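Read off the chains here:
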Amino acid sequence: MRIIVDRRRCEGHGLCEGMAPELLSADKGRAELLVDGDVPTDQQIAAVTAVRVCPIAALRLI
Ligand code: SF4
């Protein structure tokens, strides 16, 4: 499982970071991935939650 961030859509709400602080940061006004490649197994629920919470669907999972 990987997280894809559409940085053109992202509005920096930071809700994703709140749900998955080990995977995403919105400190610079746009979501940034903190992991390179696959989401670790113990973070997959957090990843799904982060994708669902984004109000403008700027995140997706592949
Ligand atoms: S919740 Fe969505 S809009 Fe907000 S920082 Fe995360 S990806 Fe961007």
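Relevant structure appears above.
The following refers to the structure shown. (Residues numbered from 1 in each chain as written. Predicted model: local features only at pLDDT ≥ 70, side-chain atom pairs only at ≥ 80, totals over all residues.)

The next thing to look at is the overall build of the protein. The helix and strand tally for the protein stands at 2 helices and 4 strands. Reading the secondary structure of the protein in the N-to-C direction produces β-α-β-β-α-β. Computed over C-alpha atoms, the radius of gyration of the protein comes to 10 Å, within 12% of the 11 Å expected from 2.2 N^0.38 for 62 residues, which places it in the range of a compact globule. Across the 62 residues of the protein, 23% fall into the buried class. In the protein, 57% of the contacts between residues at least 6 apart in sequence involve partners at least 24 apart. (Helix = DSSP H or I, 4+ residues; strand = E, 2+ residues; numbered from the N terminus. Rg over C-alpha atoms; globule rule 2.2 N^0.38 Å. Buried ≥ 20, exposed ≤ 12 C-beta atoms within 10 Å, placed from the backbone. Contact = placed C-beta atoms within 7 Å.)

One broad trend across soluble globular proteins is that nonpolar side chains are buried collectively. Ranked by internal contacts, the top residues of the largest apolar core, which has 13 residues, are Cys-16, Leu-23, Ala-47, Ala-50 and Leu-59. Take this core: its biggest share by element is 3 residues, from helix α2 (residues 44-53). (Core = buried A, V, L, I, M, F, W, Y, C linked by C-beta atoms within 7 Å.)

Another point: the environment of Pro-55. Of note, Pro-55 is situated in the loop between α2 and β4 (59-61). Taking the C-alpha atoms as reference points, Pro-55 and Leu-15, separated by 40 residues in sequence, lie 8.3 Å from one another. In contact with Pro-55, other than residues within four places in its own chain, are His-13 and Leu-15.

Here the phi dihedral of Ala-57 falls at roughly 55°; this positive angle occurs in a residue that is not glycine. Position of Ala-57 among the secondary structure elements: in the loop between α2 and β4. A count of 10 C-beta atoms within 10 Å places Ala-57 in the exposed class.

Around the ligand, the surrounding shell holds 13 residues, and the nearest of these are Cys-10, His-13, Cys-16, Ala-31 and Cys-54. Across the shell around the ligand, the residue classes tally to 9 nonpolar, 3 polar and 1 charged. (Near = placed C-beta within 6 Å. Nonpolar A, V, L, I, M, F, W, Y, C, P; charged D, E, K, R; others polar.)

In short, geometric facts, not functional conclusions.
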